[in-house]
Amino acid sequence: MSSALTDLCRYPIVQAPMAGGASCPQLVAAVSDAGGLGFLAAGYKTADGMYQEVKQVRGLTGRPFGVNLFMPQANTVDAAAVEVYRHQLAGEAAWYETPLGDPDSGSDDGYEAKLAILLDDPVPVVSFTFGCPTRDVIASFAKAGTFTVVTVTTPEEAQAAQRAGADAVCVQGIEAGGHQGTHRDDPAADGSGIGLLSLIGLVREAVQLPIIATGGLMRGGQVAGALAAGAVAAQLGTAFMVCPESGANALHKQAMTNPLFVRTELTRAFTGRPARGLVNRFMREHGRYAPAAYPQVHHLTSPLRKAATKAGDPQGMALWAGQGHKMARDLPAGRLVEVLVAELDSARAALALGRS
């Protein structure tokens, strides 16, 4: 690992920030205590809600951890398309006996307020998703002693992060669960994402920054492959979602290995932005009609997803999952870090033996 990342965690294992509750303080602290790097997800939280979770993590561990921020979204959404989708969801609202949400509930996710808090009371690492912050923002974090990471899905996005002064990039392959962290949401590019190993190689040739690899990684052997391809660390989300410390809903955890859910797809059905999840009824019925409208569609469907969860109905929930979800292991987070490191060491030893 690069020296800066070595100072942050003993092992090249990063727990992905999963917005929506999975990346709770207990999970973050457990991963960091085990020698990995835990990450809070500030997305969909208020600035104060984020700060309260930061304080909780500090009370649980003295080890470094990170906070992930969503970049504000440009207001270029077709309001008429959102209204059409609202009408298409009327049956869901009736079924779950809940009104649809207000699509105009805001598109900046409290970004400026969260920046102010994290600059006033710095954390060791801040990462960004859905875009790249300005040079001034990254310079401010550098001055505060915070290591910055920008999520990228193409070599061009990685070059933008390097120009802005980021310390590292999180290279996200199309295998990843949850939202694709593209800097620009282009419907014409749907389904054209790059696989992780190819993307690592492309980004490594495009920029000089350290690479954190993410996307479908569930075993230490896969981590070894990502490191051999040029990454300095691996970020895992789905693998940690099923841990007992995770704040994910029990139905979501169970769905990871439930044979009823056989595959994942990228969909706009729940949020208006491409995100990978287990294929369920809601995705099948509405995915083809959902407009490119994030976060408007997210706000619109939020009450439906909450009602489905309350009703114990995984067919109406956003079951975010990476392509390797069937390999999920119900282990305590600290133990999972230990197992991943042991698998990584074994894979490296086997590779070294093969070379000798």
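Structure shown above.
The rules behind each value
Numbering of residues begins from 1 in every chain and follows the order in which that chain's sequence is written. pLDDT decides what is reported in this predicted model: residues at 70 or higher carry local features, side-chain atom pairs at 80 or more are listed and counted, and totals for whole chains, interfaces and linings draw on all residues regardless. Calculated side-chain values reflect all of the structure's heavy atoms, with hydrogen atoms and water omitted. Take the buried Ala, Val, Leu, Ile, Met, Phe, Trp, Tyr and Cys residues and link them wherever side-chain atoms come within 4.5 Å; each set so joined is a nonpolar core. A simple rule labels every residue: compare its accessible area, found with a 1.4 Å probe on the protein chains alone, to the largest value its type can have, and call it buried under 20%, exposed over 50%, or partly exposed in between. Comment: elements are numbered from the N terminus, with helices defined as DSSP H or I runs of at least four residues and strands as E runs of at least two. Contact definition: two residues touch when any of their heavy atoms are within 4.5 Å. Pairing between strands is defined by DSSP: at least two bridges between the two strands are required. If you view a crossover with the strands going away from you and the path from the first strand over the helix to the second runs clockwise, you call it right-handed. For Phe, Tyr and Trp, where Trp contributes only its six-membered ring, two rings pair if their centres lie within 6.5 Å, and the inter-plane angle classes them as stacked under 30 degrees, edge-to-face over 60, or tilted in between.

Novice: If you had to explain the nonpolar core to someone new, which residues and values would you point to?
Specialist: Of all hydrophobic cores here, the largest spans 94 residues; its most connected members are V67, L69, F128, V169, V171, L236 and F240. Here this core takes 6 residues from helix α15 (residues 333-355), the largest share from any one element. Not counting residues within four places of it along the chain, the set of residues in contact with L236 comprises I13, V14, Q15, A16, L217, M218, V223 and L340.

Novice: So what's going on with the sheet that holds strand β7 (residues 178-179)? Residues and values would help.
Specialist: Backbone hydrogen bonds hold the strands of a sheet together, and the pairing may be parallel or antiparallel. Read across the sheet, 3 strands follow the order β7-β11-β10 without closing on themselves; strand pairing throughout is antiparallel. Each having just a single partner strand, β7 and β10 (264-267) make up the two edges of the open sheet. Sheet topology places β7 next to strand β11 (residues 275-278); 2 bridges connect them, and they run antiparallel. Along β11, the bridge assignment pairs H179 with A275.

Novice: Give a detailed account of the pairing of strand β3 (residues 65-70), specifying residues and quantitative values.
Specialist: Within a regular strand, the side chains alternate between the two sheet faces. For β3, a buried count of 6 out of 6 residues is recorded, marking the element as mostly surrounded by other parts of the structure. What you see with β3 is no split at all: F65, V67 and L69 on one side and G66, N68 and F70 on the other are buried throughout. Alignment of strand β2 (residues 38-41) against β3, held across 4 bridges, turns out to be parallel. The residue of β3 that forms the bridge with L40 is V67. On the question of chirality, the crossover connecting β2 to the parallel β3 by way of helix α3 (residues 47-60) is right-handed. The pairing of β3 with strand β4 (residues 125-129) spans 5 bridges and is classified as parallel. Residue pairing in the sheet places N68 in a bridge with S127 of β4.

Novice: Explain the packing of aromatic side chains to me, and be specific about the residues and the numbers.
Specialist: For the structure on display, the rule yields 6 aromatic pairs. Ring centres 4.7 Å apart and planes at 20 degrees place the aromatic pair F270 and F282 in the stacked group. One end of the pair, F270, is in the loop between β10 and β11; the other, F282, is in helix α13 (residues 281-286), and 12 residues separate them in sequence. Of the two residues, F270 and F282, neither departs from the other in class, the shared state being buried. When the ring of F270 is compared with that of W320, the centres are 5.7 Å apart and the planes differ by 90 degrees; the resulting orientation is edge-to-face. Residue F270 is found in the loop between β10 and β11, and its partner W320 is found in the loop between α14 (296-310) and α15; the two are separated by 50 residues along the sequence. Each member of the pair, F270 together with W320, is buried. Put simply, the rings of Y44, F70, F130 and Y294 touch in pairs and so form one group of aromatic residues.

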